[in-house]
Amino acid sequence: IDNGAFSVWKSGKKFDLDKFYAWLDNYVNSPRLDFFFIPDKICGTEKENDILVEECPYKNGVPIWHTNESLERLDRLSNEYQRIAIGSSAEHNLRTTEWWERMVEAFNTICDEGKPRTKVHGLRMLAPEIVSTFPFSSCDSSTVTINTNMTTREYPKIQNKRTRIVIFAN
């Protein structure tokens, strides 16, 4: 489950942590829920995000490490949690040279002989060149949703929306 903190932040509103956990109470023990992302403070400090991680009332919560945070924090989280998530930051825009370099540093930090010591989820990292480069256990992206809703003007050779869904999902 995505906690929605990024969308709330983009809208200019304040994230309601109590409301999120009250809502999550209905789902957290479901056998269908493997994990959820612990709410993070967008553009916050490591300390602010560590407090949110420490205050999480459930054990299947996944902390998020942002590429502008220290490798020491990433190392600590990868040793303490069965799964972590990696998200980009304003300092490392997705797929820029700086981002690629930081991702290599990140995986060098959490990998032993090329294998991560914990499961790693990539936030917004489902692009084939990313998935084929780094050993993620899972990733997510809005790419399929965005591209399948494009009109046939943007994709004139793919007229049928269901066909676009299958193509982009693959």
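The rules behind these values
- Residues numbered from 1 in each chain as written.
- Predicted model: local features only at pLDDT ≥ 70, side-chain atom pairs only at ≥ 80, totals over all residues.
- Heavy atoms only, no water.
- Pairing = 2+ DSSP bridges.
- Helix = DSSP H or I, 4+ residues; strand = E, 2+ residues; numbered from the N terminus.
- Phe/Tyr/Trp six-rings, centres within 6.5 Å; stacked < 30°, edge-to-face > 60°.
- Buried < 20%, exposed > 50% of the residue type's maximum accessible area, 1.4 Å probe, protein only.
- Core = buried A, V, L, I, M, F, W, Y, C linked by side-chain atoms within 4.5 Å.
- Contact = heavy atoms within 4.5 Å.
- Salt bridge = Lys/Arg side-chain N within 4 Å of Asp/Glu carboxyl O.

Describing the sheet that holds strand β7 (residues 119–122)
Taking strand neighbours across the sheet as the criterion, the four strands line up as β3-β4-β7-β8 in an open arrangement whose pairing is parallel. Two strands in the sheet have a free side with no partner beyond their single neighbour: β3 (64–66) and β8 (138–139). Bridge count between β3 and strand β4 (residues 83–87): three bridges; the pairing is parallel. The residue bridging H66 from the neighbouring strand is G87, located in β4.

Brief notes about the packing of aromatic side chains
For the structure on display, the rule yields 15 aromatic pairs. Note on W99 and W100: the rings are 4.9 Å apart at their centroids and 80° apart in plane angle, and the pair reads as edge-to-face. W100 sits in the partly exposed class, given a relative accessible area of 24%. Members of the aromatic cluster, joined through ring pairs, are F15, F20, Y21, W23, Y27, F36 and Y58.

Here we look at the nonpolar core
One finds M103, F107, M125 and F136 to be the most contacted residues of the largest nonpolar core, which totals 18 residues. Only α4 (71–80), β4 and α5 (97–110) provide two or more residues apiece to this core. Element by element, the count of residues in this core is highest for α5, at five residues. The contacts of M125, once residues within four sequence positions are left out, are I86, G87, S88, L94, W99, M103, I130, V131, F136, C139 and D140. One finds F20, Y21, L24 and V28 within the second-largest nonpolar core, a separate group that totals nine residues.

Re the environment of N93
Among the secondary structure elements, N93 is positioned in the loop between β4 and α5. C-alpha separation for the pair N93 and T67, spaced 26 residues apart in sequence, amounts to 9.2 Å.

Concerning the pattern of salt bridges
Applying the stated criterion across every chain yields a total of seven salt bridges. Two residues, R73 and E69, come together in a salt bridge whose shortest N-O distance is 2.6 Å. With a relative accessible area of 3%, E69 lands in the buried category. Between R102 and E105 there is a salt bridge; the shortest N-O distance is 3.1 Å. Of this pair, R102 and E105 both sit in helix α5, separated by three residues, roughly a single helical turn.

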